[in-house]
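Below, each chain spelled out in residue letters.
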Number of protein chains: 2
Amino acid sequence: MQRIEQHASFGGRQEVWQHASTTLNCTMKVAVYLPPAALQGQRCPVLYWLSGLTCTEQNFITKAGAQQYAARHGIIVVAPDSSPRGEGVADDPAYDLGQGAGFYVDATQAPWATHYQMQRYVAEELPALIEQHFPATDVRGIFGHSMGGHGALVTALRNPGRYRSVSAFSPIVAPSQVPWGQKALAAYLGNDREQWLNWDATALIATAKERLPLLVDQGEADEFLAEQLRPQLLQAACEAAGHPITLRMQPGYDHSYYFIASFMEDHFAHHAAAFANPR
Amino acid sequence: MQRIEQHASFGGRQEVWQHASTTLNCTMKVAVYLPPAALQGQRCPVLYWLSGLTCTEQNFITKAGAQQYAARHGIIVVAPDSSPRGEGVADDPAYDLGQGAGFYVDATQAPWATHYQMQRYVAEELPALIEQHFPATDVRGIFGHSMGGHGALVTALRNPGRYRSVSAFSPIVAPSQVPWGQKALAAYLGNDREQWLNWDATALIATAKERLPLLVDQGEADEFLAEQLRPQLLQAACEAAGHPITLRMQPGYDHSYYFIASFMEDHFAHHAAAFANPR
């Protein structure tokens, strides 16, 4: 791993690292915030952030205002790029497919399968790297926004025992039922819709092996709410399965990082409380 | 004035407006954050932010994390673009002259004088517009970063009675003594160096008509510290003149918005305390 950027931030350090990913077969960038406690040698829990469509590892670290809360709670925050990248990596001219739009799945279809293994990268390779190279414990949380909110929910639900906590901002909760998800899942996984359900939080809730409480914030003025996000589908699935969920509809808020920043403190409180509790 | 952007943020609203500036002879964009108190109809004091080289009205509102403090203190925050803009506006290929580099002076030299009247824009036209169109009082503070830190200090020193408070992050404190300033002042004001001193905070301190306390934060790992910023020049001038200054050297911090965000809370406390005190 090679450090390519570092900035003092709220008494800790915002870094960006580059590494050759064996899962994705390309060079990846990942942002790592080390709180003051970590710089002083303490081992800290790790909160993973998954970004939305078009984002790189930069969007979250420059716009979300998360470092102050990570510093206060003593949490390492890891924000990877949202897809494999580079000249040899398959791509599509649309913003919602290919580079910048990995959807956190493991692709099975050509030309995507060679590089688009984002689920294994996020759930396996990246935590192993972080826990090897940084003063990190194996206590993990995961959260994200939009496509990355979908990624966080699905990653937690598919990997019981791996995460202590999960939350999401304006997530795509049912990709198999909305245009963004249908396009991506068809491309990466093929046309067998049964396969899609393994990557759909609303579908996965019914058979979830642990009852990790979900915290979801959703802006009511979000331009993608009715067509692409539809959080009530997740809420209904949770109610049917007895799965704990707190869905907060936030009047006036849109899909932007202004919304994310406004409720970031609450998400850190949610994850920090879970990290502090023995399982 | 025409609103071109709006986002709910920390219970208030981050807006961007566009207007025809009579001072600058061009269309200008300006960001305005309205705290919850202003949305509820209270008149609020206004804090003006001046950005650094290359910045538009976007940098501060997306990266500084200021909205939470503005919301808490009930302060309107106004962040204009850093220079006149547009096809008919004189420019230079260098990043440190022309568009994005107005230096907050009133230019006297061709081809700049037609549009580059940033001091009159910031100190006169903009406050008049804000106080007419928004629920603002005439209680004002001003702060900024780098070239904008210079702008904030000079604007407060040149306009006694107009601002209740001033502060700066990594300001260019003595433009007549450093390369960035010498290049810009020569272009905008001509080669008579006596004229430059009217736009140099370190020179203006000796004859300041009011003793507005200066708060200055400066990162010790700032790559521009030794050549362009040199805050000790301002500190020495303040000591010679008996002008109150708090210069805080911050170990490890660089010139970026990560630094600015880390100490934003303190700057809001500084301005809010001045706003609360009767003169």
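Calculation rules
Residues numbered from 1 in each chain as written. Chains lettered and ligands numbered in written order. Predicted model: local features only at pLDDT ≥ 70, side-chain atom pairs only at ≥ 80, totals over all residues. Heavy atoms only, no water. Pairing = 2+ DSSP bridges. Helix = DSSP H or I, 4+ residues; strand = E, 2+ residues; numbered from the N terminus. Axes fitted to C-alpha atoms, helices over the stretch in contact; angles between N-to-C directions. Contact = heavy atoms within 4.5 Å. Least-squares fit on C-alpha atoms with pLDDT ≥ 70 in both. 1 Å grid on protein atoms, 1.4 Å probe; cavity = no way out; pocket = protein on both sides within 12 Å on 5 of 7 lines; lining within 4 Å. Points joined across faces, edges and corners; volume = space filled by probe spheres on them. Nonpolar A, V, L, I, M, F, W, Y, C, P; charged D, E, K, R; others polar. Buried area = accessible area lost by both parts, 1.4 Å probe. Salt bridge = Lys/Arg side-chain N within 4 Å of Asp/Glu carboxyl O. Polar contact = N/O pair within 3.5 Å; in protein donor to acceptor, adjacent residues only side chain to side chain.

**Student:** Any chance you could explain the sheet that holds strand β1 (residues 2-9) of chain B here in plain terms?
**Tutor:** By way of backbone hydrogen bonds, the strands of a sheet pair with one another, either parallel or antiparallel. Residues and elements named next belong to chain B. Ordered by their spatial adjacency, nine strands build an open sheet running β1-β2-β3-β5-β4-β6-β7-β8-β9, and the pairing between neighbours is mixed. Two strands lie at the open edges of the sheet, namely β1 and β9 (245-250), each paired on one side alone. Along the sheet, successive strands turn relative to each other by an average axial angle of 20°, direction set aside. Across the sheet, helix α10 (residues 231-241) lies against β8 (214-219) and β9, angled at about 155° from β9, the strand it touches most. Here helix α11 (residues 257-276) sits on the sheet and contacts β4 (44-50), β5 (76-80), β6 (136-145), β7 (165-169), β8 and β9; the angle it forms with β7, its principal contact strand, is near 170°.

**Student:** How should the relation of the copies chain B and chain A be read in this particular structure?
**Tutor:** Its rotation angle being 180°, the transformation that places chain B on chain A also includes 0.0 Å of axial translation and leaves an RMSD of 0.0 Å. The operation mapping one copy onto its partner corresponds to a two-fold rotation axis. Taking C-alpha positions as reference, the residue of chain B nearest the rotation axis is lysine 63 of chain B, located at 2.6 Å.

**Student:** What should I look at first to understand empty space enclosed by the protein in this one?
**Tutor:** Empty space among the atoms becomes apparent when a probe as large as a water molecule is rolled across them. All names here are of chain B. For the coordinates displayed, the defined rule picks out four cavities of 30 Å³ or more. Roughly 50 Å³ of internal volume is contained in the largest cavity. In terms of lining residues, the largest cavity is bounded by Ala156, Leu157, Pro160, Ala208, Lys209, Glu210, Leu212, Leu214 and His243. When grouped by side-chain class, the residues that make up the lining of the largest cavity number six nonpolar, one polar and two charged.

**Student:** Hey, could you run me through the interface of chain B and chain A in this one?
**Tutor:** A common way to state how big an interface is: give the accessible area lost once the parts meet. In this complex, chain B contributes 22 residues to the contact, which on the side of chain A involves 22 residues. Of all residues in chain B, Ala8, Phe10 and Tyr258 of chain B give up the largest surface area on contact with chain A, accounting jointly for 40% of the area buried on that side. The tally of links from chain B across to chain A stands at zero salt bridges. If you look at where chain B meets chain A, you find 10 residue pairs in polar contact (both at pLDDT 80 or more). Elements that contribute at least two residues to the side of chain B that touches chain A include exactly β1, α2 (58-63), α3 (67-73) and α11 of chain B.

Keep in mind these numbers describe shape, not what the thing actually does.
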